[in-house]
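One letter stands for each residue in the lines below.
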Amino acid sequence: MYNSLPLVKAEMLLSIGNIIKLYFESLMDLENAYDIRGEGARGASLSVPLYKRVSLYIQYSYKTHMTPKSLAERFFVNQSYLSRHFRANMGETITDYINRTRLENSKILIKTSDLPISVVALNVGYTDANYFVKLFKKQFGMTPTEYRKR
């Protein structure tokens, strides 16, 4: 079985290793920059408002499953409070912000790759490709396939 494995060039392995390293470094930077509880090393409150910490978290984690409830739990606040606070400061609901973030990132994937639309949907956090297409068309006035052709 070992002999039947494909050979991978050293440059490819180094590139993969560098990507993984950068990914984990960015995770560490994010965690260090914005303690998700909003507390510094000594427990003092950070000057970064809750809605900004939540929006930053969404921007970096849009690929994962998240809901207003799960975000409230992650940030140790009441869901109703978080929803009101976020909407008052961001001008849109948490769900709308998550969807907009995912859809904007999907446009980049559609432009820069030949991935099937169903794979693009999975890569930006949607498990249902049909739902993704519906949201994409509502947001941009065309299907992902039409967007790719243009």
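Residues numbered from 1 in each chain as written. Predicted model: local features only at pLDDT ≥ 70, side-chain atom pairs only at ≥ 80, totals over all residues. Heavy atoms only, no water.

A.B. asks: What is the right way to look at the overall build of the protein in this model?
C.D. replies: Within the protein, the regular secondary structure consists of eight helices and zero strands. Secondary structure elements of the protein occur, N-terminal to C-terminal, as α-α-α-α-α-α-α-α. Taken over 150 residues, the protein has a buried fraction of 31%. (Helix = DSSP H or I, 4+ residues; strand = E, 2+ residues; numbered from the N terminus. Buried < 20%, exposed > 50% of the residue type's maximum accessible area, 1.4 Å probe, protein only.)

A.B. asks: Got a minute to help me understand a nonpolar patch on the surface in this structure?
C.D. replies: A cluster of nonpolar side chains, contributed by Val-8, Met-12, Leu-13, Ile-16, Ile-20, Tyr-23 and Phe-24, occupies part of the molecular surface with about 700 Å² of accessible area. The residue Phe-24 is located in helix α1 (residues 10–33) in this model. Residue classification places Phe-24 among the partly exposed residues on the basis of a relative accessible area of 49%. (Patch = residues over 30% accessible without salt bridge, like charges linked within 9 Å, V, L, I, M, F, W, Y side chains within 5 Å. Areas by Shrake-Rupley, 256 points an atom, 1.4 Å probe, with all protein chains shown as cover. Salt bridge = Lys/Arg side-chain N within 4 Å of Asp/Glu carboxyl O.)

A.B. asks: Please clarify how the confidence of the model for the protein should be interpreted in this entry.
C.D. replies: Atomic detail in the predicted coordinates should be set aside for any region of low pLDDT. In this model, the protein carries an average pLDDT of 86, and 85% of its residues clear a pLDDT of 70 or more. Here residues 40–45 is a poorly scored stretch, pLDDT under 50, and it has four contacts once near neighbours within four places are set aside; other chains count. (pLDDT = per-residue confidence, 0-100. Contact = heavy atoms within 4.5 Å.)

A.B. asks: I tried to follow unusual backbone geometry on my own but got confused; where do I start?
C.D. replies: Note on backbone geometry: most residues besides glycine have negative phi, and most peptide bonds are trans. Even without a glycine there, the phi angle at Phe-76 is positive, about 60 degrees. With respect to the secondary-structure elements, Phe-76 resides in the loop between α3 (68–74) and α4 (79–90). A relative accessible area of 51% places Phe-76 in the exposed class.

A.B. asks: What should I look at first to understand the packing of helix α2 (residues 50–61) against α4 in this one?
C.D. replies: To characterise two packed helices, one gives the angle between the axes of the helices and the distance between these axes. Here α2 crosses α4 at 90 degrees, and the two axes come no closer than 9 Å. With respect to each other, α2 and α4 are oriented roughly perpendicular. Here α2 contributes Leu-50, Tyr-51, Val-54 and Ser-55 to the contact with α4, which in turn contributes Tyr-81, Leu-82, His-85, Phe-86, Asn-89 and Met-90. A breakdown of the residues in the contact of α2 with α4 according to their chemical character gives seven nonpolar, three polar and no charged. (Axes fitted to C-alpha atoms, helices over the stretch in contact; angles between N-to-C directions. Parallel < 35°, antiparallel > 145°, perpendicular 65-115°, else oblique. Nonpolar A, V, L, I, M, F, W, Y, C, P; charged D, E, K, R; others polar.)

A.B. asks: What is the right way to look at the pattern of salt bridges in this model?
C.D. replies: Any two side chains of opposite charge can pair, so long as their charged atoms come close to each other. Inspection of the entire model under this criterion finds two salt bridges. In this structure, Lys-107 engages Glu-104 in a salt bridge whose closest nitrogen and oxygen atoms are separated by 3.9 Å. Highlighted residues: Lys-107 and Glu-104, both in helix α5 (residues 94–112), separated by three residues, approximately one helical turn. For Glu-104, a relative accessible area of 34% puts it in the partly exposed group.

A.B. asks: Where do I start with the packing of aromatic side chains in this structure?
C.D. replies: In this description, an aromatic ring pair is defined by two values, namely the gap between the centres and the angle between the planes. Applying the stated criterion across every chain yields a total of seven aromatic pairs. Ring centres of Tyr-126 and Phe-132 lie 5.7 Å apart, and the angle between their planes is 40 degrees; this geometry places the pair in the tilted category. Residue class for Tyr-126 comes out buried when judged on its relative accessible area of 4%. Ring centres of Phe-136 and Tyr-147 lie 5.7 Å apart, and the angle between their planes is 65 degrees; on these two criteria the pair is classed as edge-to-face. (Phe/Tyr/Trp six-rings, centres within 6.5 Å; stacked < 30°, edge-to-face > 60°.)

A.B. asks: I keep staring at helix α7 (residues 129–140) and nothing clicks. Help me out?
C.D. replies: Because an α-helix packs 3.6 residues into every turn, residues spaced three or four apart end up facing the same way. Compared with the 16 Å implied by 1.5 Å per residue over 12 residues, the 16 Å span of α7 between its first and last C-alpha is a close match. Within α7, the full set of buried residues consists of Phe-132, Leu-135 and Phe-136. In a view along the axis of α7, the buried residues occupy a sector of 100 degrees, so they form one face of it. Set apart from the buried face of α7 by more than 90 degrees, the exposed residues are Asn-130, Lys-134 and Lys-138. At its buried positions, α7 is contacted by α5, α6 (117–123) and α8 (144–149). Between a side-chain oxygen at the N-terminus of α7 and the backbone nitrogen of Asn-130 the separation is 3.0 Å; the capping residue is Asp-128. (Expected span 1.5 Å × (residues − 1). Arc of directions from axis to C-beta. Polar contact = N/O pair within 3.5 Å; in protein donor to acceptor, adjacent residues only side chain to side chain.)

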